[in-house]
Amino acid sequence: MSFSFDAGSYRYPSRRRVVFAGNGMVCASQPLAAQAGVDALRRGGNAVDAVLAAAGCLTVLEPASNGLGGDAFAIVWHNGRMYGLNSSGPAPALADAAFLREKYGRMPAHGWYPVNVPGIPAAWATLNGRFGRLSLAETLSAAIGYAEGGFPVAPVSAKFWQSGCETYSALGDEFGPWMDAFAPKGRAPRAGEIVRLPQHGESLREIAETNAESFYRGRLAGKIDAASRAGGGWLRAEDLAEFYPEWVEPMSVDYRGFTVHELPPNGHGLVVLETLALLSGLEMGSGDAGDVHRQIEAMKLAYADGLKYIAEPSAMRVAPSELLGREYLARRRALIGDTAREPEAGDPHCGGTVYLCAADGEGNMVSYIQSNYMGFGSGIVVPGTGIALHDRGCNFSLEEGAANCLAPGKRPYHTIIPGFLTRNGEAVGPFGVMGAFMQPQGHVQAVMNMIDYGCNPQEALDAPRWQWKGGKSIELEPGFDGAIAEELKRRGHEVSVGDPYEFGRGQIILRDENGTLCGATEPRTDGGIAAY
């Protein structure tokens, strides 16, 4: 991997530069959160403490993307070993797919029905208990301070906050607690306006002091249960009490001298790995329209497989490893021609999210992601707590017999994925691009920008992106090369220009052979890098 760090050599329009440090670094979508993470390092914490301090702050500073009622995943490199954590919660025991088929015909996006057991507080407690040096109370102190003392709203956060306000204010009285918690003036806060979230701060304090036990088996669990019963929801205290995060073994593929790691299903990191495995057998590196075409076609094939097969692991009809088998990949790769095609899943049995990362001076690194899914999530806020519950259940299918069909105790197909690079068994660093179904596409493009095209991490994030939307439909980010766009049209792609806010928001930290940390965040978000 060859990077160019000359200040005059940056190839994409951006006023950001990579940041170097030797002792520690945190990259996050909010500068105040990144600084809180580095403050944890300065107080004697490690990379896990840093990422948790930042993650706690992000539930306050960027509530339109994540909150106390969301899910989380992590890849941790600690003392020379990799660990994976899946803290996505299952559907409640009362979940009823037949009822929703008859009432709605599909999974609703708002209200109580798409609410599964939240995983974020459990992820914090679990990571802190296994790896942390600071107490959870120490780690979350900055987040509590911002919630109770106030913070200025950042520009991109204000935009998404306004979108949430427009959505929930139009949905009826059921969403009154959301308005009370996040728009008490009857409107979303403006960029730069000071906001306080005292109920959120009180819940954060209780989570910190009880190591999240209150949320799952205590007072807060009781409040969630009571709100669900009052609102006609399915979630109960018993569902919360039974939940614990799962330690998992990350999956990986080798790609041109590097190893790319993702978490196994129920997340769709497998789509990233299959795409890269397909592309590893093709000639790439010119950066021309042919390269972009092959990336898109590989992504379409991998996504078609993912959307058909990825689900709760016990419900999957194929093993994840089968989608990465050499013979199966060869058959799929042979489908990539010179023109666009409609993607179809193969058969291996035949012939609103925040991403952040942290590193410390001892070699530990964390790739971490947490989300409420669609903006603020379901729009349900537990009265008196500031807990905004996610709508992750919206990703379930209601098709009878489908691997991802809603069922009690089952986790849905999940879109949030942390990534990690290693080389020759040593950590290179964490990376991620948030943004629902854009995430695998952002992962692939960021990795290829660095490995195939020699971009430094900042350039890899700045580069204009493409996004497959289904069928032959491709959206290009404003600023994408016009000549390549025309060639893609000639090859049969249905090309349009997309909303610049819908191409993901990423962070990267890499460590070189000398131990120097190199961090990047991108202008699509309010992001910042804190280091020392």
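The rules behind these values
- Residues numbered from 1 in each chain as written.
- Predicted model: local features only at pLDDT ≥ 70, side-chain atom pairs only at ≥ 80, totals over all residues.
- Heavy atoms only, no water.
- Helix = DSSP H or I, 4+ residues; strand = E, 2+ residues; numbered from the N terminus.
- Rg over C-alpha atoms; globule rule 2.2 N^0.38 Å.
- Buried < 20%, exposed > 50% of the residue type's maximum accessible area, 1.4 Å probe, protein only.
- Areas by Shrake-Rupley, 256 points an atom, 1.4 Å probe, with all protein chains shown as cover.
- Lys, Arg positive; Asp, Glu negative; His and termini not counted.
- Charge placed at Lys NZ, Arg CZ, Asp CG, Glu CD.
- Pairing = 2+ DSSP bridges.
- Axes fitted to C-alpha atoms, helices over the stretch in contact; angles between N-to-C directions.
- Core = buried A, V, L, I, M, F, W, Y, C linked by side-chain atoms within 4.5 Å.
- Contact = heavy atoms within 4.5 Å.
- pLDDT = per-residue confidence, 0-100.
- Parallel < 35°, antiparallel > 145°, perpendicular 65-115°, else oblique.
- Left-handed = near helix turned anticlockwise from the far one by under 90°.
- Polar contact = N/O pair within 3.5 Å; in protein donor to acceptor, adjacent residues only side chain to side chain.
- Expected span 1.5 Å × (residues − 1).
- Salt bridge = Lys/Arg side-chain N within 4 Å of Asp/Glu carboxyl O.
- Nonpolar A, V, L, I, M, F, W, Y, C, P; charged D, E, K, R; others polar.

Account for the overall build of the protein chain, with residues named and values stated.
Each helix and strand in the protein chain was counted, giving 18 helices and 21 strands. Relative to the compact-globule value of 24 Å for 532 residues, the protein chain shows a C-alpha radius of gyration of 22 Å, a close match. With respect to the principal axes defined by its C-alpha atoms, the protein chain has extents near 60 × 55 × 40 Å. Out of the 532 residues in the protein chain, the part that is buried amounts to 62%. Looking at the protein chain as shown, the accessible area adds up to about 18,500 Å², and 48% of this sits on carbon and sulfur atoms. One way to put it: in the protein chain the 46 positive side-chain charges average out to a point 1 Å from where the 60 negative ones average out.

Describe the sheet that holds strand 21 (residues 528–531), listing the residues and the values that go with them.
Overall, antiparallel pairing links the seven strands, which are arranged 7-4-3-11-10-2-21 in an open sheet. Either end of the sheet is taken by a strand with one partner, and the two such strands are strand 7 (246–248) and strand 21. Within this sheet the neighbouring strands show an average axis-to-axis angle of 15°, counted without direction. Note: strand 3 (residues 71–78) against strand 4 (residues 81–87), seven bridges, orientation antiparallel. Bridging from a neighbouring strand, His-78 pairs with Arg-81 of strand 4.

How would you sum up the nonpolar core? Please name residues and give values.
Burial of nonpolar side chains together is a common tendency in soluble globular proteins. Core analysis: the largest hydrophobic core is formed by 81 residues, its most contacted members being Trp-124, Leu-127, Trp-161, Trp-178, Phe-182 and Tyr-368. It is helix 2 (residues 47–61) that provides the largest number of residues to this core, a total of 11 residues. Setting aside chain neighbours within four positions, we find Trp-161 in contact with Pro-63, Ala-64, Phe-151, Val-153, Trp-178, Phe-182, Ala-188, Pro-189, Val-195 and Phe-376. Counting residues in hydrophobic clusters, the runner-up holds 57 residues, among them Val-253, Val-271, Ala-277 and Ile-484.

Can you explain the confidence of the model for the protein chain? Please cite residues and give values.
Averaged over every residue, the pLDDT of the protein chain is 93; residues scoring 70 or more account for 96%. Note on residues 1–10: pLDDT under 50 across the span, and 31 contacts to partners over four residues away in sequence or across chains.

Give a description of the packing of helix 6 (residues 141–149) against helix 9 (residues 198–210) that names residues and reports values.
Contact pair helix 6 / helix 9: the axes reach a minimum separation of 7 Å and the direction vectors enclose 155°. The angle between the axes of helix 6 and helix 9 places the two elements in the roughly antiparallel class. In the crossing of helix 6 with helix 9, the sense of the turn from one axis to the other is left-handed. Mapping the contact onto sequence places Ala-143, Ile-144, Ala-147 and Glu-148 in helix 6 and Pro-198, His-200, Gly-201, Glu-202, Leu-204, Arg-205 and Ala-208 in helix 9.

Quick rundown of the sheet that holds strand 19 (residues 505–511)? Include the residues and the values.
The strand order across the open sheet built from seven strands is 1-20-19-15-14-9-8, with neighbouring strands paired in antiparallel fashion. Pairing within the sheet leaves two strands with one partner each, and these edge strands are strand 1 (19–21) and strand 8 (251–255). Across this sheet, the average inter-strand angle for adjacent strands is 20°, counted without regard to direction. Relative to strand 19, strand 15 (residues 426–434) runs antiparallel, the two being bridged by four bridges. In the sheet register, Met-434 faces strand 19, and the bridge partner there is Arg-505. The sheet strands contacting helix 13 (residues 269–279) are strand 8 and strand 9 (258–262), and the helix crosses strand 8 at an angle near 25°.

Let's hear about the side chain of Thr-422: which residues, and what values?
With respect to the helices and strands, Thr-422 occurs in strand 14 (residues 419–423). A distance of 2.7 Å separates the side chain of Thr-422 from the side chain of His-261, its partner in a polar contact. If we ignore the near neighbours within four places in the chain, the residues touching Thr-422 are Trp-77, Met-82, Phe-258, Thr-259, His-261, Ala-427 and Val-428.

Run through helix 7 (residues 155–169), naming residues and quoting values.
For helix 7, spanning 15 residues, the distance from its first C-alpha to its last is 21 Å, which sits close to the expected 21 Å at 1.5 Å a residue. For helix 7, every residue scored as buried is listed here: Val-156, Ser-157, Ala-158, Trp-161, Gly-164, Cys-165 and Tyr-168. Those residues of helix 7 hidden inside the fold are in contact with helix 2, strand 5 (151–152), helix 8 (176–182), strand 6 (194–195) and strand 19.

Mind laying out the pattern of salt bridges, listing which residues take part and the relevant values?
Applying the stated rule across the entire model yields 22 salt bridges. In this structure, Arg-217 engages Glu-213 in a salt bridge whose closest nitrogen and oxygen atoms are separated by 3.0 Å. Taken together, the residues Arg-217 and Glu-213, both in helix 10 (residues 213–217) and four residues apart, mark about one turn of the helix. Judged by its relative accessible area of 31%, Arg-217 is partly exposed.

Mind laying out the side chain of Arg-524, listing which residues take part and the relevant values?
Following the sequence through the fold, Arg-524 ends up in the loop between strand 20 (517–521) and strand 21. Polar side-chain contacts of Arg-524 include one of 3.0 Å to the backbone oxygen of Ala-463. A distance of 2.8 Å separates polar atoms of two side chains, one belonging to Arg-524 and the other to Glu-522. Apart from residues no more than four positions distant in its own chain, Arg-524 is found in contact with Val-156, Leu-461, Asp-462, Ala-463, Pro-464, Arg-465, Glu-477, Phe-503, Gly-504 and Arg-505.

Please provide a residue-by-residue account of the pairing of strand 10 (residues 354–360), values included.
The buried fraction of strand 10 amounts to seven of the seven residues, a majority that puts the element mostly inside the structure. Here strand 10 shows no split at all, with Val-354, Leu-356, Ala-358 and Asp-360 on one side and Tyr-355, Cys-357 and Ala-359 on the other all buried. Pairing analysis gives four bridges linking strand 2 (residues 24–28) to strand 10, with the strands arranged antiparallel. Residue pairing across strands places Cys-27 opposite Cys-357, the latter belonging to strand 10.

Run through the packing of helix 13 against helix 16 (residues 439–451), naming residues and quoting values.
Packing of helix 13 against helix 16 leaves a shortest axis separation of 9 Å and a crossing angle of 40°. Of the possible angle classes, the one that applies to helix 13 and helix 16 is oblique. For helix 13 against helix 16, the interelement crossing comes out right-handed. Residues Val-271, Val-272, Thr-275, Leu-276 and Leu-279 of helix 13 pack against Pro-440, His-443, Val-444, Val-447 and Met-448 of helix 16. In terms of residue class, the contact of helix 13 with helix 16 is built from eight nonpolar, two polar and no charged.

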